[in-house]
Amino acid sequence: MQIVQGIAHQLDTAVAGHHAELAKNKEKLISIINEIFLPHFDVDYASILVLGQHARAATPEQRARFAKAFYNSITHRYAEGLLNYTQGAVHVLPFNGDLNSRRTVVRTQVVMSNGKTISVDYAFRKTQSGEWKAYDVIIEGISYITNYRNQVDAEIRKVGIDQLIKNLETQGAQALKSMEQDKQGH
């Protein structure tokens, strides 16, 4: 809960009063996200979950490249969404889990600028070094890992892992968008 509240507070502070500037300067927005969110996000673990059954067959180098390219694509894809938050809009709900376990979920409600409230939950795991890191974001009940695992699986079957990594590295958010559209088309 402290981590999520800390992230929410830092984002509030970084974005408040800078909407117009950040809307024009996407790289600055991305660097703010990386600075605030990346230290608390387990990119490698999340990307292995997204690769699913393909993770075992991938080389360590492929897994590392996929993790980096996938994270970058995701942040570029959803960066603008951050600008729709209103200040102080993240309400962390009271915790009702077991903190001794290796995994936990922190539930929040986010008020969008149009006044609509959406539920955003963060799945955390305890790393070997004892830190709690998020690995999944569940928006309105939809896990980004489950969502992208299906898309990545379809894409790897279609073009292979190397081509998927290249697409993510070169097209970034655009590669994710086309994967999302392909999935809706089926």
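Counting restarts for each chain: residues are numbered from 1 in the order of the written sequence. Given that the model is predicted, a residue must reach a pLDDT of at least 70 before its local features are reported, and side-chain atom pairs must reach 80 or more before they are shown or counted; all residues, however, enter totals for whole chains, interfaces and linings. Side-chain measures were taken over the full set of non-hydrogen atoms in the model, leaving aside hydrogen atoms and water.

Moving on: helix H3 (residues 26–37). Taking 1.5 Å of rise per residue, twelve residues should cover 16 Å, and H3 covers 16 Å from first to last C-alpha, within 8% of that figure. Along H3, the residues classified as buried are Leu29, Ile30, Ile32, Ile33, Ile36 and Phe37. One face of H3 carries all of its buried residues, which in axial projection span an arc of 155°. Seen from the open side of H3, the exposed residues pointing more than 90 degrees away from its buried face are Glu27 and Glu35. If you follow the buried residues of H3, they end up packed against helix H1 (2–15), helix H2 (19–24), helix H6 (60–82) and strand S3 (117–126). Helix and strand assignments come from DSSP, with helices taken as H or I runs of at least 4 residues and strands as E runs of at least 2, each series counted from the N terminus. Expected helix span is taken as 1.5 Å per residue step, with the number of steps being one fewer than the number of residues. Burial classification: accessible surface area is computed with a 1.4 Å probe over protein chains only, and a residue below 20% of its type maximum counts as buried, one above 50% as exposed, and the rest as partly exposed. By definition, the arc is the one covered by directions from the helix axis to the C-beta atoms. The contact criterion used is simple: two residues touch if any of their non-hydrogen atoms lie within 4.5 Å.

Salt bridge, as applied in this entry: a Lys or Arg side-chain nitrogen positioned within 4 Å of an Asp or Glu carboxyl oxygen. The full count for this structure, using the stated rule, is seven salt bridges. With a shortest N-O distance of 2.9 Å, Glu21 and Lys28 are connected by a salt bridge. The class of Lys28 is partly exposed, set by a relative accessible area of 35%. Notably, a salt bridge pairs Arg107 with Asp121, separated by 3.0 Å at the nearest N-O pair. Separated by 14 residues along the polypeptide, Arg107 in strand S2 (residues 103–112) and Asp121 in strand S3 bring together distant segments of the chain. Its relative accessible area of 40% is what places Arg107 among the partly exposed residues.

On the secondary structure map, Glu180 appears in helix H9 (residues 173–185). You can call Glu180 buried: its relative accessible area is 11%. Once residues lying within four places of it in the same chain are set aside, the contact partners of Glu180 are Arg77, Tyr78, Tyr148 and Gln151.

This part covers the environment of Ser178. Within the secondary structure layout, Ser178 lies in helix H9. On a C-alpha basis, the gap between Ser178 and Asp121 in space is 26 Å, while along the polypeptide they are 57 residues apart. Polar contacts here mean pairs of N or O atoms no more than 3.5 Å apart (in protein, one a potential hydrogen donor and the other a potential acceptor; neighbouring residues in sequence count only if both atoms are side-chain atoms). A polar side-chain atom of Ser178 sits 3.0 Å from the main-chain carbonyl oxygen of Ala175.

The next point concerns unusual backbone geometry. We note that Glu140 has phi near 50°; this positive angle belongs to a residue other than glycine. As for its position among the elements, Glu140 is in the loop between strand S4 (132–139) and strand S5 (142–143). The class for Glu140 is partly exposed, based on a relative accessible area of 46%.

Before going further, it helps to spend a moment on helix H7 (residues 144–159). For H7, which comprises 16 residues, the first-to-last C-alpha distance of 22 Å matches the rise-based estimate of 22 Å (1.5 Å per residue) to within 8%. Within H7, the full set of buried residues consists of Tyr144, Ile145, Tyr148, Gln151, Val152, Glu155 and Ile156. Seen end-on, H7 carries its buried residues on one side only, within an arc spanning 135°. Projecting away from the buried face of H7 at angles above 90 degrees are the exposed residues Arg157 and Lys158. One side-chain oxygen of the residue at the start of H7 lies 3.2 Å from the amide nitrogen of Ile145, identifying that residue as Ser143.

Another aspect to go through is the packing of H3 against H6. Taken N-terminus to C-terminus, the directions of H3 and H6 make an angle of 105°; their axes are 10 Å apart at the nearest point. Relative to H6, the element H3 is oriented roughly perpendicular. For the pair H3 and H6, contact is made by Lys26, Glu27, Leu29, Ile30, Ile33 and Asn34 and by Tyr71, Thr75, His76, Ala79, Glu80 and Leu82, respectively. Under the grouping applied here, Gly and all other residues not named as nonpolar or charged are polar, the nonpolar ones being Ala, Val, Leu, Ile, Met, Phe, Trp, Tyr, Cys and Pro and the charged ones Asp, Glu, Lys and Arg. Class assignment of the residues belonging to the contact of H3 with H6 gives a composition of six nonpolar, three polar and three charged. Axis lines are fitted to C-alpha atoms, over the contacting stretch for helices. Their N-to-C directions set the angle, which ranges from 0 to 180 degrees. The labels follow the angle: roughly parallel below 35 degrees, roughly antiparallel above 145, roughly perpendicular from 65 to 115, and oblique for the rest.

With that settled, consider the nonpolar core. For the purposes of this section, nonpolar cores are sets of buried Ala, Val, Leu, Ile, Met, Phe, Trp, Tyr and Cys residues that join through side-chain atoms within 4.5 Å. By size, the foremost hydrophobic cluster in this structure holds 54 residues, and its most contacted members are Phe41, Phe66, Phe70, Tyr144, Val152 and Leu168. Other than its neighbours up to four places away in sequence, Tyr144 contacts Phe41, Ala46, Phe70, Ile74, Tyr135, Asp136 and Val137.

Only Phe, Tyr and Trp rings are paired, with Trp represented by its six-membered ring, and only when their centres lie within 6.5 Å; those with planes under 30 degrees apart are stacked, over 60 edge-to-face, the remainder tilted. Here the structure, examined in full by the defined rule, presents eight aromatic pairs. Their ring planes at 40° and their centres at 6.3 Å tell us that Phe41 and Tyr144 sit as a pair that is tilted. Taken as a pair, Phe41 in the loop between H3 and helix H4 (43–51) and Tyr144 in helix H7 lie far apart in primary sequence, 103 residues in all. Accessibility assignment for this pair places Phe41 and Tyr144 in one class, buried. With centroids separated by 6.1 Å and ring planes inclined at 10°, the aromatic side chains of Phe70 and Tyr144 adopt a geometry described as stacked. Here the residue Phe70 occupies a position in helix H6, and Tyr144 occupies one in helix H7, the gap between them amounting to 74 residues. Looking at Phe70, the relative accessible area reads 2%, which means it is buried. For Tyr144, a relative accessible area of 14% corresponds to the buried category. By the ring-pair criterion, three or more aromatic residues cluster together here, those being Phe37, Phe41, Phe66, Phe70, Tyr71, Tyr144 and Tyr148. Two limits define a charge over a ring: the Lys NZ or Arg CZ must be within 6 Å of the ring centre, and within 35 degrees of the ring normal. Over the aromatic face of Tyr78 sits the side chain of Arg77, whose NZ or CZ is 5.5 Å from the ring centroid.

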